[in-house]
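Residue-level listing of the chains:
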Amino acid sequence: MSYPEQFTGFQAPSAEAWKDFEKQSWAPRPFEDVDVDIKVECCGVCASDLHKISGEWGACPYPLAVGHEVVGRVVRAGPKVTLAKVGQRVGVGAQVWSCLECRQCKNGNETYCSKQVDAYGSLYPNTQHVTQGGYASHIRIHEYWVYPIPDGLDSAQAAPLLCAGITSFSPLKRFGAGPGKKVGIVGVGGLGHYGIIFAKALGAEVWAISRTRAKEADAREMGADGFIATSEAGWHEPHKTTFDLIVNTATSFDGFELSQYLSLLDVHGRWNSVGLPGGDGIVVRNQDFITNGCFIGTSHLGSRAEMLEMLQLMADRKLPSWVERIPLSKEGLQEAFGKLETNKARYRSCMTNYDDQFGA
């Protein structure tokens, strides 16, 4: 296979005009012996993309191509690469580098490496090259962060797993979601729908928790055993101290009564937030979790081992991603981001038809 010296993609030019995606080319960082070049086939659309290029998360190195749920084919592999081979279909997620030498990396917690590098908008160590994301013809990645996609798993179905999927799967796996456990998933969206699907697949009793019942039918089709609408008076009372684990995927904290959610947890149950809403967040008081001694925290993505396990689970169980396919273009990206802004994606968007923009 051939590969270009420059990569081409759709970049946001500025915070003020972030929707005016411009098709441009750039030189990737120098190729190293452990690197892999991937010709992108499709890429999922994540709320993180929107927060980044709109400036909501602060300074951003424009112009920037975002997108960190990538599936494509390996077109080049360095001489020291052992985890991927030319022609293989692979995926890349939201992290593309860590030191692989620190305590966290050696303990299967490489997503917590202090030197970790994000898929876009970050600098690689000892270089001035800003990482560019997957709304592009190609990406260049260290082999450790390249994951084989199992046969039988559709590329557009697989792509959103590389961020949304693993972000939901990791806390469920780490905190014991399984038979005999009652698990709540707050928010039925891009992350939340995976939370429901995975918690059910792992054998737990699963309850979807959402503001209204608008998504109840969908949640039950995904596998939810029960549904709680938080807009209903006294919604939390029947379920107090009955949940072992609640994974919060909500994208907004407007009107969020944390104490009511925490009251659902059994003694020493866990509340784990994985959504990243903008704004000032929520107020946490000791009084909110002293009555049941629950633990509150968050988690970041998931390890390579968890990623591979999740992908294989999806393939073996033929679990569905609820994905809308949108052909890649300036207008296609504007459509996808518009659905993000208005919460109309059901439940993840994936940019496809890359050959129409970059050639076969």
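Residues numbered from 1 in each chain as written. Predicted model: local features only at pLDDT ≥ 70, side-chain atom pairs only at ≥ 80, totals over all residues. Heavy atoms only, no water.

(A) Quick peek at the environment of Gly108. Inspection of the secondary structure puts Gly108 in the loop between α2 (103-106) and β7 (117-118). Taking the C-alpha atoms as reference points, Gly108 and Ala305, 197 residues apart in sequence, are found 7.6 Å from one another. Apart from the residues within four sequence positions on either side, Gly108 is in contact with Arg174 and Ser303. (Helix = DSSP H or I, 4+ residues; strand = E, 2+ residues; numbered from the N terminus. Contact = heavy atoms within 4.5 Å.)

(B) Region of interest: the sheet that holds strand β15 (residues 295-298). Spatially, the 6 strands line up as an open sheet ordered β12-β11-β10-β13-β14-β15, and their pairing is parallel. Unpaired on one side and paired on the other, β12 (226-229) and β15 mark the two borders of the sheet. Strand-to-strand twist of the sheet, defined as the mean angle between neighbouring strand axes without regard to direction, takes the value 20°. Sheet topology note: the strand β14 (residues 265-273)/β15 ladder contains 4 bridges and is parallel. Counterpart to Ser273 in the pairing with β15 is Thr298. (Pairing = 2+ DSSP bridges. Axes fitted to C-alpha atoms, helices over the stretch in contact; angles between N-to-C directions.)

(C) Structural detail: helix α9 (residues 330-341). Relative to the 16 Å expected for 12 residues at 1.5 Å per residue, α9 spans 16 Å between its end C-alpha atoms, a close match to the ideal helical length. Every buried residue belonging to α9 is among Gly332, Leu333, Ala336 and Phe337, and all of these are buried. For α9, the buried positions fall inside an angular range of 125° around the axis, keeping them on one side. (Expected span 1.5 Å × (residues − 1). Buried < 20%, exposed > 50% of the residue type's maximum accessible area, 1.4 Å probe, protein only. Arc of directions from axis to C-beta.)

(D) Region of interest: the pairing of β12. Of the two faces of β12, both are covered, the one formed by Gly226 and Ile228 as well as the one formed by Phe227 and Ala229. Examined bridge by bridge, strand β11 (residues 205-210) and β12 share 4 bridges and lie parallel to one another. Residue Ala208 lies in a different strand from β12, and its bridge partner there is Phe227. With respect to chirality, the unit in which β11 leads through helix α6 (residues 216-222) into the neighbouring parallel β12 is right-handed. (Right-handed = clockwise from strand over helix to strand, strands pointing away.)

(E) View of empty space enclosed by the protein. Enumeration according to the criterion identifies 1 cavity of 30 Å³ or more in this entry. The wall of the largest cavity is formed by Gly93, Ala94, Gln95, Thr111, Trp145, Tyr147, Leu162, Ile166, Leu301, Gly302 and Met307. Looking at side-chain class alone, the lining of the largest cavity contains 7 nonpolar, 4 polar and no charged residues. (1 Å grid on protein atoms, 1.4 Å probe; cavity = no way out; pocket = protein on both sides within 12 Å on 5 of 7 lines; lining within 4 Å. Points joined across faces, edges and corners; volume = space filled by probe spheres on them. Nonpolar A, V, L, I, M, F, W, Y, C, P; charged D, E, K, R; others polar.)

(F) Structural detail: the layout of surface pockets. The computed volume of the second largest pocket comes to approximately 310 Å³. Lining of the second largest pocket is provided by 24 residues; of these, Trp26, Pro28, Val130, Thr131 and Gln132 occupy positions nearest its centre. Looking at the lining of the second largest pocket, the element that brings in the most residues is strand β8 (residues 138-142), giving 4 residues.

(G) Highlighting the nonpolar core. In terms of nonpolar packing, the biggest core is built from 94 residues, with Tyr135, Leu172, Ile196, Phe198, Phe337 and Met351 touching the most fellow members. Per element, the largest residue contribution to this core is 7 residues, and it comes from helix α5 (residues 190-201). Within the second largest apolar cluster, 16 residues are counted, among which are Trp207, Phe243, Phe256 and Cys294. (Core = buried A, V, L, I, M, F, W, Y, C linked by side-chain atoms within 4.5 Å.)

(H) Geometry of the pairing of strand β3 (residues 35-45). For β3, the tally of buried residues reaches 9 of 11 residues, placing the bulk of the element in the interior. Where β3 meets β8, 5 bridges bridge the pair, whose relative direction is antiparallel. Looking at the pairing, Asp37 lines up with Arg140 of β8. Bridge count for β3 against strand β4 (residues 70-77) is 7 bridges, and the pairing is antiparallel. Note that in β4 the partner of Ile38 across the bridge is Val74.

(I) The packing of helix α4 (residues 164-174) against helix α8 (residues 304-317), seen in detail. The geometry of α4 relative to α8 is characterised by a closest axis approach of 10 Å and an angle of 105° between their N-to-C directions. Comparing their axes, α8 and α4 come out roughly perpendicular. Packed against α4, whose contacting residues are Gly165, Ile166, Phe169, Ser170, Lys173 and Arg174, the element α8 presents Glu306, Met307, Glu309, Met310 and Leu313 at the interface. Classifying every residue of the contact of α4 with α8 gives 5 nonpolar, 2 polar and 4 charged. (Parallel < 35°, antiparallel > 145°, perpendicular 65-115°, else oblique.)

(J) Structural detail: the side chain of Thr249. Examined against the element boundaries, Thr249 turns out to sit in the loop between β13 (243-248) and α7 (258-262). Of note is the side chain of Thr249, whose polar atom sits 3.2 Å from the backbone oxygen of Gly187. A polar contact is formed between the side chain of Thr249 and the backbone nitrogen of Gly192, at a distance of 3.5 Å. Leave out the neighbours within four places in its chain, and Thr249 touches Ile185, Val186, Gly187, Leu191, Gly192, Val274 and Gly275. (Polar contact = N/O pair within 3.5 Å; in protein donor to acceptor, adjacent residues only side chain to side chain.)

(K) Up close: the packing of aromatic side chains. A full pass over the atoms with the stated rule returns 14 aromatic pairs. Here the aromatic rings of Phe10 and Phe358 are separated by 6.3 Å at their centres, their planes lie at 55°, and the arrangement is tilted. Note that Phe10 is positioned in strand β1 (residues 7-11) and Phe358 in helix α10 (residues 355-358), a separation of 348 residues in sequence. Summarising the aromatic geometry, the rings of Trp322 and Tyr347 are spaced 5.7 Å apart at their centres and angled 55° between planes, so their arrangement reads as tilted. Taken as a pair, Trp322 in the loop between α8 and β16 (323-327) and Tyr347 in the loop between α9 and β17 (348-352) lie far apart in primary sequence, 25 residues in all. The same class applies to Trp322 and to Tyr347, which are both buried. Ring pairing ties together the aromatic residues Trp18, Phe21, Tyr135 and Phe337, which thus form one cluster. (Phe/Tyr/Trp six-rings, centres within 6.5 Å; stacked < 30°, edge-to-face > 60°.)

(L) Highlighting α5. With 12 residues, α5 extends 17 Å from end C-alpha to end C-alpha; this agrees with the ideal 16 Å at 1.5 Å per step. Counting buried positions over the 12 residues of α5 gives 11, a clear majority of the element. Among all positions in α5, only Gly190, Leu191, Gly192, His193, Tyr194, Gly195, Ile196, Ile197, Phe198, Ala199 and Ala201 are buried. Positive phi shows up at Gly203, right after α5, with a value of about 100°.

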